[in-house]
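# Commentary on secondary and tertiary structure
Take a look at the letters that make up each chain.
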Amino acid sequence: MPNLSKVTCIEDLRVVARRRVPRMFYDYADSGSYTEGTYRSNTADFQGIKLRQRVAVNMEGRSTRTTMVGQDVAMPVAIAPTGLTGMQHADGEILGARAAKAFGIPFTLSTMSICSIEDVAQHAGPGFWFQLYVMRDRDYIERLIDRAKAAGCSALQLTLDLQILGQRHKDIKNGLSSPPKPTLANLINLATKPHWCLGMLGTKRRSFGNIVGHAKGVGDMSSLASWTAEQFDPQLNWGDVEWIKKRWGGKLILKGIMDAEDARLAANSGADALIVSNHGGRQLDGAPSSIAALPAIAEAVGKDIEVWMDGGIRSGQDVLKARALGARGTLIGRSFLYGLGAYGEAGVTRALEIIQKELDITMAFCGRTHIDQVDRSILLPGTYPLA
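Definitions and cut-offs
Residues numbered from 1 in each chain as written. Predicted model: local features only at pLDDT ≥ 70, side-chain atom pairs only at ≥ 80, totals over all residues. Heavy atoms only, no water. Helix = DSSP H or I, 4+ residues; strand = E, 2+ residues; numbered from the N terminus. Rg over C-alpha atoms; globule rule 2.2 N^0.38 Å. Buried < 20%, exposed > 50% of the residue type's maximum accessible area, 1.4 Å probe, protein only. Contact = heavy atoms within 4.5 Å. Areas by Shrake-Rupley, 256 points an atom, 1.4 Å probe, with all protein chains shown as cover. Lys, Arg positive; Asp, Glu negative; His and termini not counted. Charge placed at Lys NZ, Arg CZ, Asp CG, Glu CD. Pairing = 2+ DSSP bridges. Right-handed = clockwise from strand over helix to strand, strands pointing away. Axes fitted to C-alpha atoms, helices over the stretch in contact; angles between N-to-C directions. Parallel < 35°, antiparallel > 145°, perpendicular 65-115°, else oblique. Left-handed = near helix turned anticlockwise from the far one by under 90°. Nonpolar A, V, L, I, M, F, W, Y, C, P; charged D, E, K, R; others polar. Arc of directions from axis to C-beta. Salt bridge = Lys/Arg side-chain N within 4 Å of Asp/Glu carboxyl O. Polar contact = N/O pair within 3.5 Å; in protein donor to acceptor, adjacent residues only side chain to side chain. Phe/Tyr/Trp six-rings, centres within 6.5 Å; stacked < 30°, edge-to-face > 60°. Lys NZ or Arg CZ within 6 Å of the ring centre and 35° of its normal.

From N to C terminus, the protein chain includes 16 helices and 10 strands. The C-alpha atoms of the protein chain give a radius of gyration of 20 Å, which matches the 21 Å a tight globule of 387 residues would have. Viewed in the frame of its principal axes, the protein chain has a C-alpha envelope of about 60 × 50 × 40 Å. Out of the 387 residues in the protein chain, the part that is buried amounts to 57%. In the protein chain, the proportion of contacts linking residues at least 24 apart, taken out of those at least 6 apart, comes to 74%. Surface exposure of the protein chain reaches about 15,800 Å², of which carbon and sulfur atoms provide 52%. Of the charged side chains in the protein chain, 45 are positive and 39 negative; the average position of the first set lies 5 Å away from that of the second.

As structure tokens, this is what we get:
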């Protein structure tokens, strides 16, 4: 177990991950579409929001515990679904699920994960959620939903903003593939990542575990690329949401909401929560940041459905600001991946510790002792986006 006591912020983990993870997989996680303007805004827009410091307040008995869709959580944070997680570190989804379980927060598995639903279920806690992409092959989708049920997933997270793919320049230039193609450039880069290579040699999980061997016509990696290119369904609509909700029958979370009108449709769909998210700046470049979009959405539907947000969270202060602006919960993607890529399971745990400690201390400085007491009164007027 590495001594991570000197790792004090998420940026420390990012620096190590960049050194240890092969370039194409690090760039896959740490990039946005086109100019990457929205990707950068997701983090930058948090910085302009200022906090009100309060003094002479009893700071004893603090708690960051709350609930997300009725589930007790150690803090209002869940691990977001991220594709190719098992290429940031061998068995990455399993390690992330174990860290989340031990910490007491939910873990969301992506459809495009390396480890399968069944593999991760053996290590996940009660907050094991599954994220669904809608494909043209509806028979496959039905079986995927049934697999998530059988694996004991307690919520389904339906992503609505990936009907078509935004272009990510770095992925094209790097020739992104899983596993990496044995080109000269890739081999040279892999030679500088011995820790990663040893981990991959020690696992059998190197392809998309939820797809290969489950989708018709996809028996190996060579047939996967053409299948995925054809399968994301551009015809996805609110009728499909109703069908999926009925098929699933449990807690449903809708991810990818960035507009108040869509938020009202999400609330009317009967879903349990929505996530204000621009896909980490990886889809519509030029869209507002998630934190900028949050207040108007929370104002429009916050009484009818739980509102969460993801995108740009790199600290406990970011979590606190999101909570103050109406987010019942938050999700972290890159912050989790940096920890995973840097130090495996221990790195994920360290990322969660960093976020919770900063959340706890900042909350106290703002004069609050429980996360459920936090609202926009902790923010300096004129520094935060309005509804």
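This next bit is on the environment of G382. Its location among the elements puts G382 in the segment after α16 (345–365). On a C-alpha basis, the gap between G382 and L156 in space is 37 Å, while along the polypeptide they are 226 residues apart.

Counting buried residues in strand β9 (residues 306–310) gives 4 out of 5 residues, a clear majority hidden from the surface. The pairing of strand β8 (residues 273–276) with β9 spans 4 bridges and is classified as parallel. Within β9, the residue paired with I275 across the bridge is W308. Viewed along the sheet, the connection from β8 through helix α13 (residues 290–301) into β9 turns out right-handed. As judged from the 3 bridges shared by β9 and strand β10 (residues 329–332), these two strands associate in the parallel manner. The residue bridging M309 from the neighbouring strand is T330, located in β10.

A few words on the packing of helix α12 (residues 260–268) against α13. For the pair α12 and α13, the least separation of the axes is 9 Å and the interaxial angle reads 40°. Accordingly, the angle class assigned to the pair α12 and α13 is oblique. The element α12 and its partner α13 pack so that their crossing is right-handed. Contacts between α12 and α13 involve A260, A263, R264 and A267 from the former and A296, I297, A300 and V301 from the latter. When the residues that make up the contact of α12 with α13 are grouped by side-chain class, the tally is 7 nonpolar, no polar and 1 charged.

Orientation of helix α15 (residues 334–343) relative to α16, taken along the N-to-C sense of each, is 140°, at an axis distance of 6 Å. Regarding the angle of α15 to α16, the classification is oblique. Crossing angle aside, the handedness with which α15 passes α16 is right-handed. Contacts between α15 and α16 involve S335, F336, G339, L340 and Y343 from the former and E345, A346, G347, V348, A351 and I355 from the latter. Of the residues in the contact of α15 with α16, the class split is 7 nonpolar, 3 polar and 1 charged.

With that settled, the discussion passes to helix α3 (residues 37–47). Here α3 has its buried residues at T38, Y39, N42 and F46. The buried residues of α3 occupy one face: seen down the axis, they fall within an arc of 125°.

Okay, the pattern of salt bridges next. The full count for this structure, using the stated rule, is 17 salt bridges. Two residues, R62 and D360, come together in a salt bridge whose shortest N-O distance is 2.9 Å. With a gap of 298 residues between them, R62 in the loop between α3 and β1 (66–68) and D360 in helix α16 connect regions that are remote in the sequence. When its relative accessible area of 34% is taken as the criterion, R62 is described as partly exposed. Relative accessible area serves as the criterion here: at 17%, D360 is assigned to the buried category. The closest approach of N and O atoms between E142 and R247, which form a salt bridge, is 3.6 Å.

Counting through the fold element by element, T66 comes out in strand β1. A polar side-chain atom of T66 sits 2.9 Å from a polar atom in the side chain of R328. A polar atom in the side chain of T66 sits 3.0 Å from the side chain of D372. When sequence neighbours within four positions are dropped, the list of residues in contact with T66 reads Q71, D72, V73, M75, P76, R323, R328, I371 and D372.

Using the criterion set out here, one finds 5 aromatic pairs in the structure. Consider the rings of F107 and F336, whose centres lie 6.2 Å apart with planes at 85°: the pair is edge-to-face. A residue pair is termed long-range when its members are at least 10 positions apart, and F107 in strand β4 (residues 107–109) and F336 in helix α15 qualify at 229 residues. F107 gets classed as buried once you look at its relative accessible area, which sits at 3%. A centroid spacing of 5.5 Å and a plane angle of 15° characterise the contact between W129 and W308, whose relative ring orientation is stacked. Of the two residues, W129 is situated in strand β5 (residues 128–132) and W308 in strand β9; the sequence distance between them amounts to 179 residues. The class for W129 is buried, based on a relative accessible area of 0%. Stacked on the ring of Y28, the Lys or Arg R282 has its end atom at 4.6 Å from the ring centre.

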